[in-house]
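# Coordinates in review
Read off the chains here:
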Amino acid sequence: LVTTGLYSYQVLSGDIIVGVANTAPFSRWSYGAFLSAVLPLLLITLLFFTTFLYSKKEEQVGAITFATPIDPLHHGFLRCLAMVTGFVVISGAAIVLSLMFYARVFRFTAFGDFLVPILLTLVPAMFFTLGVGLTAGRVHSGLIYVLMLILLLLGQMPLPYSVDLLGGSFFHGFPATLPVGLEGEVVFTIPTAVWIGKAVYSIVGLALTLLWLIRLRERHS
């Protein structure tokens, strides 16, 4: 929480305070850029949660746990829910801090405008990272740390908007191609290709998570 809070404030007071792609710092474009900047840290935290499932201590405890009548599918679902809850808490801390920043610095409180960037940026990335992390951990626990490194690299790579998991390229680049609206602000619109890309990430992540749960049940049934 402390690390996320400090980094979030650094991003807000550094890059976001001047706005991105000629938009206001409190525009949905700038807020999406803020989320995409802190997202690698949030996803790395989620991957750290998955490492607990593959530790030696967890293997020892698991041998006892699954010797009881507990349903492995139910148990695995609860573990996934716990990891998602942890991700939501960490993400919520960054969001609350950002809202306080906007209210104090810009006297901006129309926070409902940020709902779409929040859902578009955080949810698909969360599902996809969870599914890939669980799957990679089954192969070898060290692969989870490789995924953490990949997330850091993704934040620095200019990717096509439709496959931009973090959203940095999209929120920084796409507004420059759009016209300015009547209020002097760049129109906020999400291309269909981007929606499809986020949907695919979500579906793949959920499918991998479900597959992990099924294999967990088969292994301990």
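Look up: the structure comes first, before these words.
Presented here is a report on the structure given in the accompanying data block. (Residues numbered from 1 in each chain as written. Predicted model: local features only at pLDDT ≥ 70, side-chain atom pairs only at ≥ 80, totals over all residues. Heavy atoms only, no water.)

A few words on the environment of Phe111. Of note, Phe111 is situated in the loop between α4 (72–105) and α5 (115–139). With a relative accessible area of 28%, Phe111 lands in the partly exposed category. In the structure, Phe111 is positioned 82 residues away from Ala193 in sequence and 26 Å away in space, judged by C-alpha atoms. Non-local contacts of Phe111, meaning those with residues more than four positions away in its chain, are made with Leu99, Tyr102 and Ala103. (Helix = DSSP H or I, 4+ residues; strand = E, 2+ residues; numbered from the N terminus. Buried < 20%, exposed > 50% of the residue type's maximum accessible area, 1.4 Å probe, protein only. Contact = heavy atoms within 4.5 Å.)

This part covers the packing of aromatic side chains. All chains considered together, the criterion is met by 24 aromatic pairs. Seen in terms of ring centroids, Trp29 and Phe171 are 6.2 Å apart; in terms of plane orientation they differ by 65°. Their pairing is edge-to-face. Separated by 142 residues along the polypeptide, Trp29 in helix α2 (residues 28–51) and Phe171 in helix α7 (residues 168–173) bring together distant segments of the chain. Residue classification places Trp29 among the buried positions, given a relative accessible area of 1%. Since its relative accessible area comes to 1%, Phe171 is described here as buried. For the ring pair Phe101 and Phe106, a centre distance of 6.2 Å and an interplane angle of 70° mean the geometry is edge-to-face. (Phe/Tyr/Trp six-rings, centres within 6.5 Å; stacked < 30°, edge-to-face > 60°.)

By the element assignment, Ser169 lies in helix α7. A polar contact is formed between the side chain of Ser169 and the backbone nitrogen of Leu159, at a distance of 3.2 Å. Here Ser169 is in contact with Met157, Pro158, Leu159, Tyr161, Asp164 and Phe174, once residues within four sequence places are set aside. (Polar contact = N/O pair within 3.5 Å; in protein donor to acceptor, adjacent residues only side chain to side chain.)

A separate point is the packing of α4 against α5. Helix packing geometry: the angle between the two helix axes and the distance between the axes. Viewed as axis vectors pointing N to C, α4 and α5 meet at an angle of 145°, and their least axial separation amounts to 11 Å. The hand of the α4/α5 crossing is right-handed. Here Cys80, Met83, Val84, Phe87, Ser91 and Ile95 of α4 lie close against α5, whose contacting residues are Ile118, Leu122, Met126, Leu130 and Leu134. Class assignment for the residues of the contact of α4 with α5 results in ten nonpolar, one polar and no charged. (Axes fitted to C-alpha atoms, helices over the stretch in contact; angles between N-to-C directions. Left-handed = near helix turned anticlockwise from the far one by under 90°. Nonpolar A, V, L, I, M, F, W, Y, C, P; charged D, E, K, R; others polar.)

Another aspect to go through is the layout of surface pockets. The calculated volume of the largest pocket comes to roughly 430 Å³. Together, 22 residues line the largest pocket, and Tyr7, Ser36, Ala37, Gly155 and Gln156 are the ones closest to its centre. The set of elements that each furnish at least two residues to the lining of the largest pocket consists of α1 (2–14), α2, α6 (142–154) and α7. Broken down by element, the lining of the largest pocket gets its largest block of residues, six residues, from α2. Taken together, the residues of the lining of the largest pocket break down into twelve nonpolar, eight polar and two charged. (1 Å grid on protein atoms, 1.4 Å probe; cavity = no way out; pocket = protein on both sides within 12 Å on 5 of 7 lines; lining within 4 Å. Points joined across faces, edges and corners; volume = space filled by probe spheres on them.)

Glancing now at the nonpolar core. By size, the foremost hydrophobic cluster in this structure holds 54 residues, and its most contacted members are Ile16, Trp29, Tyr31, Phe34, Leu39, Leu134 and Trp212. Those elements that provide at least two residues to this core are α1, α2, α4, α5, α6, α7 and α8 (192–220). In terms of residues, this core owes the most to one element, α2, which gives twelve residues. In contact with Leu134, not counting residues within four places along its chain, are Thr50, Leu53, Tyr54, Cys80, Met83, Thr209 and Trp212. (Core = buried A, V, L, I, M, F, W, Y, C linked by side-chain atoms within 4.5 Å.)

The subject of this paragraph is a nonpolar patch on the surface. A surface patch of nonpolar side chains, about 330 Å² in accessible area, is lined by Val139, Leu143, Val146 and Ile150. Note that Val139 resides in helix α5. (Patch = residues over 30% accessible without salt bridge, like charges linked within 9 Å, V, L, I, M, F, W, Y side chains within 5 Å. Areas by Shrake-Rupley, 256 points an atom, 1.4 Å probe, with all protein chains shown as cover. Salt bridge = Lys/Arg side-chain N within 4 Å of Asp/Glu carboxyl O.)

Quick look at α2 now. With 24 residues, α2 should reach 34 Å at 1.5 Å per residue; the first-to-last C-alpha distance of 34 Å fits that figure. If you look at α2, its biggest bend is around 40°, right at Leu39, and the proline Pro40 turns up within four residues after that. With 19 of 24 residues buried, α2 lies mostly within the body of the structure. (Expected span 1.5 Å × (residues − 1). Bend = angle between axes of the 7 residues up to and from the residue.)

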